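Here's the letter readout for the chains.
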Amino acid sequence: DRETSGVLILAKNQKAHEFLKEQFQARTIKKIYNAIVNGFMKNDHATIKKPIGRSPADFRKWLAGRGARGELREAETFYKALKRFSDKKGNKFSYVEVRPKTGRTHQIRVHMKYINHPVACDTLYNPKGACPKGFKRLALHAKSIEFKNLKEKIIKVESALPKEFKEIIS
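Residues numbered from 1 in each chain as written. Predicted model: local features only at pLDDT ≥ 70, side-chain atom pairs only at ≥ 80, totals over all residues. Heavy atoms only, no water.

Peer 1: How should the state of the cysteines be read in this particular structure?
Peer 2: Here a disulfide denotes a covalent bond joining the sulfur atom of one cysteine to the sulfur atom of another. Evaluation of the coordinates by the stated rule reveals one disulfide. Each sulfur in the disulfide pair Cys 121 and Cys 131 lies 1.9 Å from the other. Note on the Cys 121 and Cys 131 pair: the S-S dihedral is about 115°, so by sign convention the disulfide is right-handed. Taken together, the residues span a long stretch of sequence, with Cys 121 in the loop between helix H2 (107-114) and strand S9 (140-148) and Cys 131 in the loop between H2 and S9 at a distance of 10 residues. You can call Cys 131 partly exposed: its relative accessible area is 33%. (Disulfide = S-S within 2.5 Å. Helix = DSSP H or I, 4+ residues; strand = E, 2+ residues; numbered from the N terminus. Buried < 20%, exposed > 50% of the residue type's maximum accessible area, 1.4 Å probe, protein only.)

This is the structure:
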């Protein structure tokens, strides 16, 4: 997700890569994202458990629910609505914290679209959706990631919210 701001984890060598890969597979790495999605979230929090497969219409896209093709892979995403707001044009948005348990390609974008609250400014999954003022990219931010390093020490890396997020939610 090239347009996502925030933290990113990279392995410096093969040993570190294998160690991180094991943690991702065991689902022990904790990831927290912030997103602005279209519409007012009905629930304050929920877990989306919906397998993800390929879109039959567009090779770049993934799909949760009916119509998904190929191997459907388990996917689980928890979200919490932090704030609901409208812009001057009357477009409704929700600011959410998202914690994906699994790590499928485009998982947050696909699951948010599945519950009819696609990520704002998403040109692939929400091309006609409203975009909050000041945003020129996908409204998704990787806030933090927590993992163990090779010495078994827990490392938590955090990224401050970008300016455009702060301006929208203040």
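Peer 1: Can you walk me through the side chain of Ser 144 in this structure?
Peer 2: With respect to the helices and strands, Ser 144 occurs in strand S9. When near neighbours in sequence (up to four residues on either side) are disregarded, Ser 144 contacts Val 7, Lys 30, Lys 31, Ile 32, Lys 156, Val 157 and Glu 158. (Contact = heavy atoms within 4.5 Å.)

Peer 1: Would you explain the pattern of salt bridges in this entry?
Peer 2: Once their charged atoms are close, side chains differing in charge can pair, the charge on each being opposite to the other. Taken as a whole, this structure holds eight salt bridges when the rule is applied. Residue Lys 30 pairs with Glu 146 through a salt bridge whose shortest N-O separation is 3.8 Å. With Lys 30 in strand S2 (residues 30-38) and Glu 146 in strand S9, this residue pair connects regions lying 116 residues apart in the sequence. A relative accessible area of 52% places Lys 30 in the exposed class. Among the ionic pairs, Arg 60 bridges to Asp 58, the shortest N-O distance being 2.7 Å. (Salt bridge = Lys/Arg side-chain N within 4 Å of Asp/Glu carboxyl O.)

Peer 1: Teacher, can you tell me more about H2 here?
Peer 2: The periodicity of an α-helix, 3.6 residues per turn, causes residues three or four positions apart to be oriented the same way. The buried fraction of H2 is high, at six of eight residues. Inspection of H2 places Gln 107, Ile 108, Arg 109, Val 110, His 111 and Met 112 among the buried residues, and these make up the whole buried set. Among the residues trailing H2, Asn 116 stands out with phi positive, at a value near 65°.

Peer 1: What is the right way to read the nonpolar core from this model?
Peer 2: Ile 36 and Val 119 are the most contacted members of the largest nonpolar core, which totals 31 residues. Elements supplying a minimum of two residues to this core: S2, strand S7 (76-86), strand S8 (92-100), H2, S9 and helix H3 (163-169). Ile 36 has contacts with Phe 85, Phe 93, Ser 94, Tyr 95, Val 119, Ala 120, Pro 132, Phe 135, Ala 139, Phe 165 and Ile 168, leaving out every residue within four places of it along the chain. In this structure, Trp 62, Ala 75, Val 110 and Tyr 125 belong to the second largest nonpolar core, which totals seven residues. (Core = buried A, V, L, I, M, F, W, Y, C linked by side-chain atoms within 4.5 Å.)

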